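# Fold and geometry: a report
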Amino acid sequence: MKQKNVGVDKEALKALHERVSKIVNKCNEAARKSEMRRSMVALEKTCDFSKIQKRMTSFTSHPDRVIIKEGPVIKLEFKGTKTSSKQLYIWLFTDCLVIGARLDPRDPSAARRNSTFVTYHQKWTLTEHCPRSLIKITAHFTPPRGISSNKSKNPSETIFYLKLYIPMDNPNNRTKLSNHIIKCPSAEEKAKWVELLSVKPEETNDDETIYADWDLPVYRALYDYTPINDGDLDLVVGDEIRVTKKFRDGWCFGERKRENMKGWFPYQYTEEVESEHSKFKKIRRKQEMLESLANVPDALEVLSKINIDNKT
């Protein structure tokens, strides 16, 4: 009998320990995020947003935005056998990438590390902003003809291609293409940047599509839905839901904006509405088509035929 009670006590203690651990982890994560947000507030006070103000005027305007990775890099340009370089600083946030440069390039000490965060002492001019879902990375670097990466100060294992499709303010989803050849301080730093910048906004397998939490589609309820299973969302006409998973059997999982409730719902009761997700997805598809046609003979003739077909 005593042995049985000891067993029950052990199970109860184990369950209690798991609950406490979850609470502690949530508190630590909240504290880390709060400290990161304070660091971002301090950072944006040292930044000139004028060149990217149409896309961003504050790092902290999005409540869930945090810095995923940041660091100094060098942008390389090759002209013939000559190489020029420019020092840049890159911030990868939850939902976007921002590129900047020091306002005073003569001062090499722009930031000082303090624990896991940065205390900023230098002003920055922010030159480019790009949504995270419109970034394309090519990890393998091939030196231009006449330049040997083995003999130069630019080894291939530290360099990658960065391509940004920057949205323009127009109804036709036109973009500004920005190409960069980025050199990292080390091969390890390159590997980290490539891994983080290569994350896709959505992954699809045989059963489901999973969306990254920084690029979620938005659906609107066309009909009322009353839950029939545990974990279902109740919907009324007009409710908007941020979808995180979509299954081939006709069900979605997401968060209803009203009261921020999460759960399952049949997507036949909803329709996707225009959002940054749908806009950026159209841009990616358009760019993929254009890049594919670039390798097709008589591509201009094909494009003109597509334009004619769209008008008729």
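Note: the structure precedes this text.
Worth saying up front: this structure is predicted, and the values here are computed from it rather than measured.

Moving on, we come to the overall build of the chain. Along its length, the chain carries four helices and 17 strands. By residue count, 38% of the 312 residues in the chain fall in the buried class. For the chain, contacts bridging at least 24 residues in sequence account for 56% of all contacts bridging at least 6. About 19500 Å² of surface is accessible on the chain, with carbon and sulfur atoms providing 52% of the total.

What follows deals with helix H3 (residues 276-293). If you check H3, its first and last C-alpha atoms are 26 Å apart, about what 18 residues at 1.5 Å a residue would give, namely 26 Å. What H3 keeps buried is the set His277, Ser278, Phe280, Ile283, Arg284, Gln287 and Leu293.

Attention shifts here to the environment of Gln87. Residue position: Gln87 is located in strand E3 (residues 82-93). When the C-alpha atoms of Gln87 and Val73 are compared, they prove to be 6.1 Å apart, with 14 residues separating the residues in sequence. Every residue in contact with Gln87, bar those within four places of it in the chain, is listed here: Val73, Ala101 and Arg102.

Before going further, it helps to spend a moment on the pattern of salt bridges. For the coordinates displayed, the defined rule picks out 13 salt bridges. The partner of Arg258 in a salt bridge is Asp239, and the shortest N-O contact between them spans 2.6 Å. Residue Arg258 is found in the loop between strand E15 (251-256) and strand E16 (261-266), and its partner Asp239 is found in the loop between strand E13 (218-221) and strand E14 (240-247); the two are separated by 19 residues along the sequence. The exposure class assigned to Asp239 is buried, which follows from its relative accessible area of 7%. Members of the salt-bridge network, linked through shared partners, are Asp234, Asp239, Arg256, Arg258 and Glu259.

In a soluble, globular protein the nonpolar side chains are often hidden away together inside. In terms of nonpolar packing, the biggest core is built from 23 residues, with Leu97, Ile135, Phe160, Leu162, Leu164, Trp193 and Leu197 touching the most fellow members. At the level of secondary structure, the elements contributing two or more residues to this core comprise E3, strand E4 (96-102), strand E8 (135-138), strand E9 (159-167), helix H2 (187-197) and H3. When residues of this core are assigned to their parent elements, the largest contribution, five residues, is made by E9. Contact partners of Trp193, with chain neighbours within four places excluded, come to Lys69, Glu70, Gly71, Val73, Ile90, Leu92, Phe160 and Cys184.

This part is about the side chain of Arg256. In this structure, Arg256 sits in strand E15. By relative accessible area, Arg256 is classed as buried at 1%. Here the side chain of Arg256 touches Glu259 through a polar contact of 3.0 Å, side chain to side chain. Those residues in contact with Arg256 that lie beyond four places of it in its chain are Leu233, Asp234, Leu235, Asp239, Glu240, Ile241 and Met261.

With that settled, the discussion passes to the packing of aromatic side chains. Enumeration over the complete set of coordinates arrives at 13 aromatic pairs. A connected cluster of aromatic rings, assembled from ring pairs, spans Phe49, Phe59, Tyr89, Trp91, Phe93 and Trp124. Cation over ring: Lys69 sits above Trp193, and NZ or CZ is 5.1 Å from the ring centre.

With mixed pairing, the eight strands of this open sheet are ordered in space as E1-E7-E4-E3-E2-E10-E9-E8. Since the sheet does not close on itself, it has two edges, and those belong to strand E1 (47-48) and E8, each with one partner. Across two bridges, the pairing between E1 and strand E7 (residues 124-131) is parallel. By the bridge assignment, Cys47 is partnered in E7 with Trp124. Across the sheet, H2 lies against strand E2 (67-79), E3, E4, E8 and E9, angled at about 110° from E2, the strand it touches most. Running over the sheet, H3 touches E7, E8, E9 and strand E10 (175-183) and is turned about 120° from E9.

Since one α-helical turn is 3.6 residues long, residues separated by three or four positions face the same way. The set of residues buried in H2 consists of Glu189, Lys190, Trp193, Val194 and Leu197. Looking straight down H2, one finds that the buried residues subtend no more than 130° of arc, so they occupy a single side. Opposite its buried face, H2 presents the exposed residues Glu188 and Glu195, each directed more than 90 degrees away.

Rules used in this analysis
- Every residue gets a number counted from 1 within its own chain, in the order that chain's sequence is written.
- Thresholds applied to this predicted model are a pLDDT of at least 70 for local features of residues and 80 or more for the giving and counting of side-chain atom pairs; totals over whole chains, interfaces and linings are not thresholded and use all residues.
- As a rule here, side-chain values cover all heavy atoms of the structure and leave hydrogens and water aside.
- Counting from the N terminus, the helices are the DSSP runs of H or I reaching at least four residues and the strands are the DSSP runs of E reaching at least two.
- Note on classification: 1.4 Å probe, protein chains only; a residue is buried when its accessible area is under 20% of the maximum for its type, exposed when over 50%, partly exposed between these limits.
- Here a residue-residue contact requires only that any non-hydrogen atoms of the pair lie within 4.5 Å.
- In short, Shrake-Rupley with a 1.4 Å probe defines the accessible areas, and a residue's cover is counted only from the protein chains shown.
- Expected span of a helix, by definition, is 1.5 Å for each gap between consecutive residues, and there is one gap fewer than residues.
- Salt bridge, as used here, is a side-chain nitrogen of Lys or Arg placed within 4 Å of a carboxyl oxygen of Asp or Glu.
- Among buried residues, those of type Ala, Val, Leu, Ile, Met, Phe, Trp, Tyr and Cys that are joined through side-chain atoms within 4.5 Å constitute a nonpolar core.
- Under the rule applied, a polar contact is a pair of N or O atoms within 3.5 Å (in protein, one hydrogen donor and one hydrogen acceptor; residues adjacent in sequence only if both atoms are side-chain atoms).
- The pairing test for Phe, Tyr and Trp rings, Trp by its six-membered ring, is centres within 6.5 Å, and the orientation test on the planes gives stacked under 30 degrees, edge-to-face over 60, and tilted for anything in between.
- Only when the NZ atom of a Lys or the CZ atom of an Arg is both within 6 Å of the ring centre and within 35 degrees of the ring normal do we say a charge sits over the ring.
- Strands pair, by our definition, only if DSSP identifies at least two bridges between them.
- Whenever a helix is involved, its axis is fitted only over the stretch in contact; in every case the axis is a line through C-alpha atoms, and angles between N-to-C directions fall within 0 to 180 degrees.
- The arc in question is traced by the directions running from the helix axis to the C-beta atoms.

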